[in-house]
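# Structure at a glance
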Amino acid sequence: MKMNNSFSATLHILLHLEQMDKPLTSEQMAAFIESNPAFIRKVLAGLRENKIVCSTKGHHGGWKLCRPASAVTLLDIYLALGSPGLFALGNRNENPQCLVEQGVNRVMSDTFAAAEELVLARFKSLTLQDIGSEFISYFNEKGHNE
């Protein structure tokens, strides 16, 4: 089953941007996630349209956050990425006349909708700052235990 990890990769990139005091290039960010600069630019284009990131051209140019990390929710990012599918599961539609298939699809559609509602509510309540704070706490905890 193919997984779409662009949302997770985007969060990774944004947290690096949040920690830097200067703009980062697409090449620098690509190195953080072992990807390519074209993928970074594609992902950041939607974020720029939604004023989550800004870009500047020139010798000292690059990408940076336009808003404080505390003002960017995971829902903002998810929507800016075009609301990618949350689940790899889907309904079977091989025989739409089959009453069993129709029943399964109704139940599964309702279940997926309820699960999506919960995920999106959680995305709305979490900010980039929340994730960054969790990372710092984890890093400090691991550093003290080793």
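Quick note: structure is the one above.
Overview of the structure. (Residues numbered from 1 in each chain as written. Predicted model: local features only at pLDDT ≥ 70, side-chain atom pairs only at ≥ 80, totals over all residues. Heavy atoms only, no water.)

Summing up its helical and strand segments, the protein chain has six helices and two strands in all. Secondary structure elements of the protein chain, listed N to C terminal, follow the sequence α-α-α-β-β-α-α-α. On C-alpha atoms alone, the protein chain measures out to a radius of gyration of 19 Å, which is more than a quarter above the 15 Å that the 2.2 N^0.38 rule sets for 146 residues. Its C-alpha atoms give the protein chain principal-axis dimensions of roughly 60 × 40 × 25 Å. When each of the 146 residues of the protein chain is scored for burial, the buried share is 29%. Considering only contacts within the protein chain whose residues lie at least 6 apart along the sequence, 59% involve residues at least 24 apart. About 9,900 Å² of surface is accessible on the protein chain, with carbon and sulfur atoms providing 55% of the total. Positive and negative side-chain charges of the protein chain, numbering 14 and 15 respectively, have mean locations separated by a distance of 8 Å. (Helix = DSSP H or I, 4+ residues; strand = E, 2+ residues; numbered from the N terminus. Rg over C-alpha atoms; globule rule 2.2 N^0.38 Å. Buried < 20%, exposed > 50% of the residue type's maximum accessible area, 1.4 Å probe, protein only. Contact = heavy atoms within 4.5 Å. Areas by Shrake-Rupley, 256 points an atom, 1.4 Å probe, with all protein chains shown as cover. Lys, Arg positive; Asp, Glu negative; His and termini not counted. Charge placed at Lys NZ, Arg CZ, Asp CG, Glu CD.)

Our focus in this paragraph is helix 3 (residues 37–49). For helix 3, spanning 13 residues, the distance from its first C-alpha to its last is 18 Å, which sits close to the expected 18 Å at 1.5 Å a residue. Every buried residue belonging to helix 3 is among Ile40, Val43, Leu44, Gly46 and Leu47, and all of these are buried. Packed against the buried residues of helix 3 are helix 1 (6–19), helix 2 (26–32), strand 1 (53–56), strand 2 (62–65) and helix 4 (74–80). The residue sitting at the N-terminus of helix 3 and contributing the capping side-chain oxygen is Asn36; that oxygen lies 3.1 Å from the backbone nitrogen of Ala38. (Expected span 1.5 Å × (residues − 1). Polar contact = N/O pair within 3.5 Å; in protein donor to acceptor, adjacent residues only side chain to side chain.)

Interpretation note: all reported values are geometric properties and have no functional meaning in isolation.
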